[in-house]
Amino acid sequence: MNKRGNRAVWAGLSMVLLVLTVACTAEPTEGPSGPIGQWQTATIQGLTWEDGSEIQASVLDLDSAEEKIIGDFFGSYASVDGWAGSRERFGPLALTEHGDLVGEFSVALEPTRDDTDLSSHGAIGMVRAGEFEPFASTETLVAGDGNRMVMSAAAADDMVVWVETAHYGDATDKWRIFAGGAGKETELMAKAEDYSDFLHRPPFNQNPAPVIDDGIAYWQGLLDDGEGKLSVSVFAQHGTEGRGAEIVVRDANNPVVLDSGIAVTDTMVDLDPGEEVDPVQSPIRGKGISIFDGNTRTPLLEMADPADPRTELGGLSGGGQTLITTVNEQLLVIDVETRQVSVVSAPEAETEGFTFFAAGPEVCGDYATWTYTDPAGRSNGMQYFLKLDTLELGRITEENLFGKVFCNDDYFAWLVLDGADSGAIAHAEVMEWKGD
């Protein structure tokens, strides 16, 4: 990878823990001959290829991960002081191909009553050389909107797309998606009420979470016709030319950009007719994984029994030709072209009742990377790096990992807590990948 200089940004973070819920078991078998024959293999229970055949996975042992230091993976980086005021926060949400963090800068962005109204409007922008540069304001782009916060963002090819909502943790019937960036006009791409009727159901969390592929923004949106039919679909919009968003994949969520198309989780509604939606527990369940190439939706994996609550397909992440998902307390790393699958089980907890979950998995160039946290956000202090072509597993010890990383081109960023307390403020460290 090319060197483009080093930059790191330290900033306060409004705490948002991203943890994947997992569920399935693997039964060891003898390893195959060939280049990955040195690993034991396992049959992944509850999940099959699209033709119903078993999924054989190489079993990777976390204890075998080689201890590394930051310098083994990354070049040196400089640190820049963050904002000191307790009322000021910067929450990183994305990383550009130039190594700049995109996120929300807020001053006393707090709910004022019933956890619904916000006392100020969060500003979306970019951090360059330690200075926050806000994008053009979104405050007057939708008539009647009050103060809003930024929930998620994506950055690619000098394009930034982000989601704003008026409520902490809930974007079901309140989201707006904007596009813009440094020095650009901010434009409204879509808003929730144009696509759904939510008057007949209480809302629950459904963050649109956009991704960008070749100038096209994709996001997931909840659909409710007001007559008992609830679904989630993936929308797409080509820039902000007034063409409007269109549904490109129905009954799907978690869009991920791959070389071969957009990977999605195939979904079903686990809800009886007339049953009210639980505002906390989502009725949307994953039943498989497909890849949409712009014209055709091709199944990749299927759940043996998607209605079985003991087996749950987790979220998706990935890049290139690699997908990452979770089933039970296991992480699956899937090469969608070769069908090579690797499985990693979560580390055992030393304390009873203390369970680890894979957190923040991403594909960064030639590596898959992740860490582990418990439901309270406490990390096991290890960031794991899996070399995708050789399945070599390494780890970096960092006691105060927050559990979220960002990748873009030559750059990598992780979030680190200022102290071991999961309620402490976190900052981001941006580093440049070393070339092979």
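Bear in mind the structure is a predicted one, so any value in this text is a computation, not a measurement.

Q: Explain the overall build of the chain to me, and be specific about the residues and the numbers.
A: Regarding its fold elements, the chain presents 1 helix and 31 strands. Sequence separation of 24 or more characterises 51% of the internal contacts of the chain that already satisfy a separation of 6 or more. Of the roughly 19,100 Å² of accessible surface on the chain, a fraction of 45% belongs to carbon and sulfur atoms.

Q: Can you break down the pairing of strand E18 (residues 261-269) residue by residue, with the values?
A: With 7 of 9 residues buried, E18 is to be regarded as a mostly interior element. Between the end of strand E17 (residues 252-258) and the start of E18, which pair antiparallel, lie 2 residues. As paired elements, E18 and strand E19 (residues 284-292) share 8 bridges and run antiparallel to each other. Bridge assignment links Asp 266 to a residue of E19, and that residue is Gly 288.

Q: For the sheet that holds strand E26 (residues 367-373), give the residues involved together with the corresponding values.
A: Spatially, the 5 strands line up as an open sheet ordered E4-E28-E27-E26-E25, and their pairing is mixed. Unpaired on one side and paired on the other, strand E4 (66-68) and strand E25 (357-364) mark the two borders of the sheet. Shown here is a sheet whose adjacent strand axes are inclined to one another by a mean of 25°, direction ignored. Bridge count for E4 against strand E28 (residues 393-397) is 3 bridges, and the pairing is parallel. From the neighbouring strand, Glu 67 faces E28, where its bridge partner is Arg 395.

Q: Break down the sheet that holds strand E30 (residues 411-417) for me, with residues and values.
A: With respect to topology, 3 strands assemble into an open sheet ordered E29-E30-E31, the strand pairing being antiparallel. Two strands close off the open sheet at either side, each with one partner strand: strand E29 (401-408) and strand E31 (426-432). Direction aside, the axes of adjacent strands within the sheet are offset by 20° on average.

Q: How would you summarise the state of the cysteines if you had to cite specific residues and measurements?
A: The tally for this structure, following the rule as stated, stands at 1 disulfide. Put simply, Cys 364 and Cys 407 are joined by a disulfide, and their sulfur atoms are 1.6 Å apart. Here Cys 364, found in strand E25, pairs with Cys 407, found in strand E29; they are 43 residues apart in sequence, far enough to count as distant.

Q: Tell me about the side chain of Arg 285, and please be specific about residues and values.
A: With respect to the helices and strands, the residue Arg 285 is situated in strand E19. A polar contact of 2.8 Å, which involves the side chain of Arg 285, links it to the backbone oxygen of Pro 306.

Q: Explain the side chain of Thr 369 residue by residue, including any values.
A: Here Thr 369 lies in strand E26. In this structure Thr 369 comes out as buried when scored by relative accessible area, which is 0%. Ignoring anything within four residues of it in the chain, the contact list for Thr 369 reads Gly 360, Pro 361, Glu 362, Cys 364, Gln 383, Tyr 384, Phe 385, Val 405 and Phe 412.

Q: An account of unusual backbone geometry is needed here, citing residue identities and associated values.
A: Backbone geometry follows two general trends: most residues other than glycine have a negative phi, and most peptide bonds adopt the trans configuration. Phi at Asp 158 is positive, roughly 60°, even though this residue is not glycine. With respect to the helices, strands and loops of the structure, Asp 158 is situated in the loop between strand E9 (149-156) and strand E10 (159-165). Owing to a relative accessible area of 47%, Asp 158 belongs among the partly exposed residues under this scheme. Residues other than glycine seldom take positive phi values, yet Asn 254 does so here, at roughly 55°. Considering the arrangement of structural elements, one finds Asn 254 in strand E17. Residue classification places Asn 254 among the partly exposed positions, given a relative accessible area of 23%.

Q: Explain the packing of aromatic side chains residue by residue, including any values.
A: What the rule picks out here adds up to 21 aromatic pairs. Note on Phe 74 and Phe 412: the rings are 4.7 Å apart at their centroids and 20° apart in plane angle, and the pair reads as stacked. Placement of Phe 74 in the loop between helix H1 (70-73) and strand E5 (88-95) and of Phe 412 in strand E30 is noted, with a sequence separation of 338 residues between them. The same class applies to Phe 74 as to Phe 412, namely buried. Residues Phe 385 and Phe 412 carry aromatic rings whose centres are separated by 5.9 Å and whose planes lie at 55° to one another, so their mutual orientation is tilted.

Scoring rules and cut-offs
Residues numbered from 1 in each chain as written. Predicted model: local features only at pLDDT ≥ 70, side-chain atom pairs only at ≥ 80, totals over all residues. Heavy atoms only, no water. Helix = DSSP H or I, 4+ residues; strand = E, 2+ residues; numbered from the N terminus. Contact = heavy atoms within 4.5 Å. Areas by Shrake-Rupley, 256 points an atom, 1.4 Å probe, with all protein chains shown as cover. Buried < 20%, exposed > 50% of the residue type's maximum accessible area, 1.4 Å probe, protein only. Pairing = 2+ DSSP bridges. Axes fitted to C-alpha atoms, helices over the stretch in contact; angles between N-to-C directions. Disulfide = S-S within 2.5 Å. Polar contact = N/O pair within 3.5 Å; in protein donor to acceptor, adjacent residues only side chain to side chain. Phe/Tyr/Trp six-rings, centres within 6.5 Å; stacked < 30°, edge-to-face > 60°.

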